[in-house]
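Fold and geometry: a report
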Amino acid sequence: MTKTATSVWNECLSFIKDNIKPQAYKTWFEPIKPIKISGDSLTIQVPSKFFYEWLEEHYIKLLRVALVRELGSDAKLIYDVRMENAYSSSKPHTVKIPSSNRRPMNSQGVTVPMDINRRELKNPFVIPGLQKVKIESQLNPNYNFDSFIEGDSNRLARSASRAVANKPGGTSFNPLLIYGGVGLGKTHLSHAIGVEIKDKYPDKTVLYISSERFTQQFIDSVKSNSRNDFIHFYQMIDVLIIDDVQFLSGKTGTQDVFFHIFNHLHQNGKQVILTSDKAPVDMQDIEQRLLSRFKWGLSAELQPPDYETRVSILQNKLFRDGVEMPDEIVDYIAKYIKSNVRELEGVLVSMIAQASFNRKEFTLSLTKQIVDKFVKNTKREVSIDQIQKVVSSYFDLDVATLQSKTRKRHIVQARQLAMFFAKRMTKASLASIGSQIGKRDHATVLHACKTVGNLTETDKQFRKYVEDLTKKLTY
Ligand code: ADP
Ligand code: MG
């Protein structure tokens, strides 16, 4: 007699029905669909993650007894959660929910079956790893470990990243926070972890997302009344990579929701990877409880690469692009472009473009011209004066009005924006920003930065101001 998923499940149901109240049966068991039986494992489809959690919490014993009667002591139950979510490209899709009691993966990325009779385990059922997940990981395959050149400046961060990629959720590096200045490889390295995990553990759900997008999705979910779906979606991820968390500064709503997602993932042994342009101690306007969690794992710094590493990065890039360049030129670039790998690559790209456009050889004089331009452009730090000018003219005010004591709403907003950008784009202290923008104190500046953060989160028009001004100030 061959058993089908339906026949097994029907037998289970008739047993369950005899043991619980009719209303509970109707609510929690009728909506379940048997999907598949393979060996000792029965797959059932449940309509939501909440549903699955409820079953686990309230009916797991009953389910176990029912299932063991049908399939023997090695019985396993697999939940399929049918999700209709707005956060993934392919929808609807099926996700197998991993359980908090899941056993560690073996080397093939397959869950090691758990002995159903083991007393000490509350949940006897194995929930195998995610198998059919169709969440698009948003990873760039070119950002991998092979293309990430190792040097003294990044050795710790790179090794920690490798360790995490080998055993996601299974090291003490959770969360792993990679921090460092612009263009030093934070995004690259965080992708590399994801790419490697996808390769080693195809069943794991990996998601890369920038903090900006995360924030935007959250705001949209609040607007469309689907905040819970948003949270559930993120709580299902096995490996969550959030880039540039400093962007969450001052965004209390988004921080709050991230806090809950983070706790859930962490408690369930899921891996969280964060990047930031600052060390946790230097992050501003991030809630204390979140900061303290950032420090639970490992914070690894990416420093500007030393000369040898810069040369290797250039040579590697040339090799990949199939371009040959005289050593003295590579040497020249590596000597002068010091602080930023993105610029290092930028110079190469310009050189290659110039040379092929004008059918020129790579010459030292061409190199000097291009390097010069890069060095000049990056030396430019915006001053607080400049910021006040740009903001004033954007709002059609003069600087004196911006600095005045008036409480007119649109002027107050312009002033707050100027303070916000001064904090973000210069190294000036709060007190010095205050004194330069209309002789205010540091508390006023701090308040301005928070207000801008909040308004950016909640007010579309205001967000547009910030975006426009950012463009004006950076280009
Ligand atoms: P960040 O996110 O820190 O601003 P990115 O990860 O975007 O920096 O890196 C900027 C560029 O520099 C990318 O194209 C990246 O591939 C490259 N890069 C950075 N570090 C390295 C490295 N160690 N080896 C090779 N390429 C690197
Ligand atoms: Mg980046």
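Computed from a predicted structure; not experimentally measured. (Residues numbered from 1 in each chain as written. Chains lettered and ligands numbered in written order. Predicted model: local features only at pLDDT ≥ 70, side-chain atom pairs only at ≥ 80, totals over all residues. Heavy atoms only, no water.)

A tally of helices and strands in the protein yields 20 helices and nine strands. Put simply, the protein shows about 23400 Å² of open surface, and 50% of that area lies on carbon and sulfur atoms. (Helix = DSSP H or I, 4+ residues; strand = E, 2+ residues; numbered from the N terminus. Areas by Shrake-Rupley, 256 points an atom, 1.4 Å probe, with all protein chains shown as cover.)

Our next topic: helix α15 (residues 384–394). Looking only at α15, the buried set comprises I384, I387, Q388, V391 and S392. Buried positions in α15, seen along its axis, are confined to an arc of 125° and lie on one side of it. Set apart from the buried face of α15 by more than 90 degrees, the exposed residues are K389 and S393. Contact partners of the buried residues in α15: α16 (399–403), α17 (409–425), α18 (430–436) and α20 (460–474). Backbone geometry just downstream of α15 places D396 in the positive-phi region, at approximately 60°. (Buried < 20%, exposed > 50% of the residue type's maximum accessible area, 1.4 Å probe, protein only. Arc of directions from axis to C-beta. Contact = heavy atoms within 4.5 Å.)

Attention shifts here to the site of ligand 1. In the region of ligand 1, 17 residues are neighbours, and G183, K186, T187, H188 and E345 sit closest. N154 is positioned with one of its side-chain polar atoms (N or O) 3.5 Å from a nitrogen atom of ligand 1. One nitrogen or oxygen atom from the side chain of K186 is found 2.8 Å from an oxygen atom belonging to ligand 1. Protein chains bury 91% of the 560 Å² of accessible surface belonging to ligand 1 in isolation. Of all the secondary structure elements, the ones that give two or more residues to the shell around ligand 1 are α6 (186–200) and α13 (341–357). (Near = heavy atom within 4 Å. Polar contact = N/O pair within 3.5 Å; in protein donor to acceptor, adjacent residues only side chain to side chain.)

Another aspect to go through is the packing of aromatic side chains. For any pair of aromatic rings, the description consists of the separation of the ring centres together with the inter-plane angle of the planes. This structure, assessed with the given rule, holds 17 aromatic pairs. A ring pair is formed by Y394 and Y465, whose centres lie 6.1 Å apart and whose planes are at 80°; its orientation type is edge-to-face. Linking Y394 in helix α15 with Y465 in helix α20, this pair joins segments that are 71 residues apart in sequence. An angle of 65° between the planes, with centres 5.9 Å apart, marks the rings of F462 and Y465 as edge-to-face. With a gap of three residues between them, F462 and Y465 both fall in helix α20, about one helical turn apart. An identical accessibility class is assigned to F462 and Y465; each is buried. Geometry around F145 places R162 over its ring, the cationic atom sitting 4.5 Å from the centre. Here the guanidinium or amino end of R289 rests over the ring plane of F259, the centre of that ring lying 3.9 Å away. (Phe/Tyr/Trp six-rings, centres within 6.5 Å; stacked < 30°, edge-to-face > 60°. Lys NZ or Arg CZ within 6 Å of the ring centre and 35° of its normal.)

Let us now look at the sheet that holds strand β5 (residues 176–179). With respect to topology, five strands assemble into an open sheet ordered β6-β7-β8-β5-β9, the strand pairing being parallel. Sheet topology places β6 (206–210) and β9 (298–301) at the edges, where each strand pairs with a single neighbour. Shown here is a sheet whose adjacent strand axes are inclined to one another by a mean of 15°, direction ignored. The sheet contact formed by strand β7 (residues 239–243) and strand β8 (residues 271–276) spans four bridges and is parallel. When the bridges of β8 are listed, V239 appears paired with Q271. The strands that helix α7 (residues 211–223) touches are β6 and β7; relative to β6, the one it contacts most, it runs at about 90°. (Pairing = 2+ DSSP bridges. Axes fitted to C-alpha atoms, helices over the stretch in contact; angles between N-to-C directions.)

One can find D243 in strand β7. Buried D243, no salt bridge; nearest opposite-charge side chain is K186, N-O distance 6.7 Å. Side-chain polar atoms of D243 contact the side chain of T275, separated by 2.3 Å. Residues contacting D243, with those up to four places away along its chain left out, are T187, Y208, I209, S210, S211 and T275. (Lys, Arg positive; Asp, Glu negative; His and termini not counted. Salt bridge = Lys/Arg side-chain N within 4 Å of Asp/Glu carboxyl O.)

Moving on: the packing of helix α19 (residues 442–458) against α20. Contact geometry for α19 and α20: axes closest at 6 Å, N-to-C directions at 120°. Our pair here, α19 against α20, has a crossing hand that is left-handed. Facing V452, L455, T456, E457 and T458 of α19, the residues of α20 in contact are K460, F462, R463 and V466. Of the residues belonging to the contact of α19 with α20, the class tally is four nonpolar, two polar and three charged. (Left-handed = near helix turned anticlockwise from the far one by under 90°. Nonpolar A, V, L, I, M, F, W, Y, C, P; charged D, E, K, R; others polar.)

At the junction of N174 and P175, the peptide bond is cis and its omega measures out at 5° in the coordinates. Examined against the element boundaries, P175 turns out to sit in the loop between α5 (155–166) and β5. Phi is positive for D244, close to 60°, though the residue is something other than glycine. Position of D244 relative to the elements: it lies in the loop between β7 and α9 (252–267). Taking the relative accessible area as the measure of exposure, D244 reaches 23% and is therefore partly exposed.

At a closest axis distance of 9 Å, the pairing of helix α8 (residues 227–235) and α9 adopts a crossing angle of 35°. Two packed elements cross with a definite hand, and for α8 against α9 that hand is right-handed. Between α8 and α9, the residues in contact are R227, F230, I231, Y234 and Q235 and D256, V257, H260, I261, H264 and L265, respectively. A breakdown of the residues in the contact of α8 with α9 according to their chemical character gives six nonpolar, three polar and two charged.

Counting 30 residues, the largest nonpolar core has W9, I16, F29, L42, V46, L55 and Y79 as its most contacted members. Listing elements by their share of this core, those giving two or more residues are α1 (5–17), α2 (22–28), β2 (41–46), α3 (49–58), α4 (60–71) and β3 (76–83). When residues in this core are grouped by element, the largest group, seven residues, is from α1. (Core = buried A, V, L, I, M, F, W, Y, C linked by side-chain atoms within 4.5 Å.)

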